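Overview (structure and organization)
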Amino acid sequence: HVLSPNASGAYTFTNIATGAYRLLFTGSGLQPGTLNVTVPLSDVTGADIALVRMVRISGTMASSNGPVTGATIALWDPACTTKHITVVPVFNGGSFQTPVAFPGGSYKMLVEPFPGQGMPTWYPVKDSCPTAPTLDLTADTTLNVTVSSGGVITGRVTVVGQPAAGQQVVAYREEPAGSGNWQVYGLPAVTGADGTYRLTSLASGTYKVKVPGWIGA
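Residues numbered from 1 in each chain as written. Predicted model: local features only at pLDDT ≥ 70, side-chain atom pairs only at ≥ 80, totals over all residues. Heavy atoms only, no water.

**Points about the overall build of the protein chain**
In plain terms, the rule: Under the scheme used here, helices are H or I runs from DSSP no shorter than 4 residues and strands are E runs no shorter than 2 residues, and both carry numbers assigned from the N terminus. As a reference, a globule follows 2.2 Å times the number of residues to the power 0.38, and the radius of gyration itself is taken over C-alpha atoms. Between buried and exposed lies partly exposed: a residue is buried under 20% and exposed over 50% of the maximum accessible area for its type, with that area taken using a 1.4 Å probe on protein chains only. It only takes one pair of heavy atoms within 4.5 Å for two residues to be counted as in contact. Surface exposure here means Shrake-Rupley accessible area, sampled with a 1.4 Å probe, where a residue is shielded only by the protein chains that are shown. Under the convention used here, Asp and Glu are negative, Lys and Arg are positive, and both His and the chain ends fall outside the count. In this description, the location of a charge corresponds to atom NZ of lysine, CZ of arginine, CG of aspartate or CD of glutamate.
Of regular secondary structure, the protein chain possesses 0 helices and 23 strands. What you see for the protein chain is a C-alpha radius of gyration of 27 Å, clearly larger than the 17 Å of a compact globule of 217 residues, by over 25%. Each of the three principal axes of the protein chain carries a C-alpha extent, and together these read 95 × 35 × 30 Å. When burial is assessed residue by residue, the protein chain has 30% of its 217 residues classed as buried. Long-range contacts, defined here as pairs at least 24 residues apart, represent 58% of the contacts in the protein chain between residues at least 6 apart. As presented, the protein chain carries roughly 12,800 Å² of accessible surface, and 52% of it is formed by carbon and sulfur atoms. For the protein chain, the centre of its 11 positive side-chain charges and the centre of its 10 negative side-chain charges are spaced 10 Å apart.

What follows is the structure, given as structure tokens:
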């Protein structure tokens, strides 16, 4: 049997034989739901179900260094104990949209830009989940997202006093601190015509900066 509810959401199946049934509820833009019902010799009332609307997030994303063109979005419960949804949006320049709809609800949102594009940031520009406000996502939502740009290291590379253009410059960070294990952090920079470079999106800490291929670099 297939039927559509009326304008108030009520429905009625008639002439149903006694027995156990599973009801499947579907609708455009809604998360499907099921309900198990046993029909005795008398009528069954109150077989109610609340469906959840499927939603998307879109908008713009940027840091102080410019548009963000790649990131992961994670949606956490308001108590900050469980990560419910992780999605990689589709980007077009600094604009983004989640590629698939997800169940609407109350969430806190963590944005994790791809390396070199910014620092993990709780929407809107918060350092931790407890300080971030709760988003009530009950319909498609447009957000203008700003992520922390992190720290910056700048400098100049020279060879015998002359600018060294086109050289790759890499930042290394000790992970974990005190281990002596220095690992590449973030994206490398390339020196300009005047030998200058700029490493961005760095977390607070101590770094070593090297120019691979050069002795003593």
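**What about the packing of aromatic side chains?**
Aromatic rings in a pair are described by how distant their centres are and how their planes are angled relative to each other. To be explicit about the condition: In this scheme Phe, Tyr and Trp rings, the latter by its six-membered ring, pair at centre separations within 6.5 Å, and the angle between planes marks the pair as stacked below 30 degrees, edge-to-face above 60, and tilted otherwise. Charges are assigned to positions over rings by a cutoff of 6 Å between ring centre and Lys NZ or Arg CZ, combined with an angular limit of 35 degrees from the ring normal.
With the rule as written, the count across this model stands at 6 aromatic pairs. Each ring, one from Trp76 and one from Trp122, has its centre 6.1 Å from the other, and the planes form 65 degrees; the classification is edge-to-face. Of the two residues, Trp76 is situated in strand S7 (residues 71-76) and Trp122 in strand S13 (residues 121-122); the sequence distance between them amounts to 46 residues. When the centroid spacing of 6.3 Å and the interplanar angle of 75 degrees are considered together, the rings of Phe102 and Tyr107 count as edge-to-face. Taken individually, Phe102 and Tyr107 each receive the classification buried, so the pair is uniform in this respect. A connected cluster of aromatic rings, assembled from ring pairs, spans Tyr11, Phe13 and Phe25. A cation sits over an aromatic face here: Lys210 above Tyr172, 5.3 Å from the ring centre.

**Quick look at the pairing of strand S22 (residues 196-202)**
To keep things clear, this is the line we draw: DSSP-based pairing: two strands are paired if at least 2 bridges between them are found.
With 5 of 7 residues buried, S22 lies mostly within the body of the structure. Strand direction decides the pairing type here: strand S16 (residues 151-156) and S22, joined by 5 bridges, are antiparallel. Paired with Thr154 across the strands is Arg198, a residue of S22.

**Some details on the layout of surface pockets**
Just so we agree on the cut-off: Here a cavity denotes grid points, spaced 1 Å and computed from the protein atoms alone, that fit a 1.4 Å probe unable to get out, and a pocket denotes an open set having protein on both sides within 12 Å along at least 5 of 7 lines; residues with an atom within 4 Å of a point are the lining. Grid points are joined across faces, edges and corners, and a volume is the space filled by probe spheres set on the points. Throughout, the ten residues Ala, Val, Leu, Ile, Met, Phe, Trp, Tyr, Cys and Pro are labelled nonpolar, Asp, Glu, Lys and Arg are labelled charged, and all others, Gly among them, are labelled polar.
What the largest pocket holds in volume is close to 1,100 Å³. If you go around the largest pocket, you meet 33 residues; those closest to its centre are Leu3, Tyr11, Thr12, Phe13 and Leu23. Among the elements that make up the lining of the largest pocket, the one with the highest residue count is strand S1 (residues 19-25) (5 residues). Residue composition of the lining of the largest pocket, grouped by class: 19 nonpolar, 11 polar and 3 charged. Of the pockets and cavities examined, the second largest pocket occupies roughly 160 Å³. Contributing to the lining of the second largest pocket are Glu112, Pro113, Phe114, Pro115, Gly116, Gly118, Met119, Pro120, Tyr185, Gly186 and Ser201.

**Things to note about the sheet that holds strand S11 (residues 102-103)**
Taken together, the 3 strands give an open sheet; going across it, the order is S2-S4-S11, and neighbouring strands pair in antiparallel fashion. Looking at strand neighbours, the two that pair on one side only are strand S2 (30-31) and S11, the edges of this open sheet. Inspection of the sheet shows S2 paired to strand S4 (residues 52-55) by 2 bridges, in the antiparallel sense. When the sheet's bridge partners are listed, Leu30 is paired in S4 with Arg53.

**Observations concerning the state of the cysteines**
This is how it is decided: The disulfide definition used here is simple: a pair of cysteine sulfur atoms within 2.5 Å.
A full pass over the atoms with the stated rule returns 1 disulfide. Through a disulfide, Cys80 is tied to Cys129; the S-S separation comes to 2.0 Å. On the S-S bond that ties Cys80 to Cys129, the torsion sits near -90 degrees, and the link is left-handed. One end of the pair, Cys80, is in the loop between S7 and strand S8 (83-87); the other, Cys129, is in the loop between S13 and strand S14 (135-137), with 49 residues separating them in the sequence. What makes Cys129 buried here is its relative accessible area of 6%.

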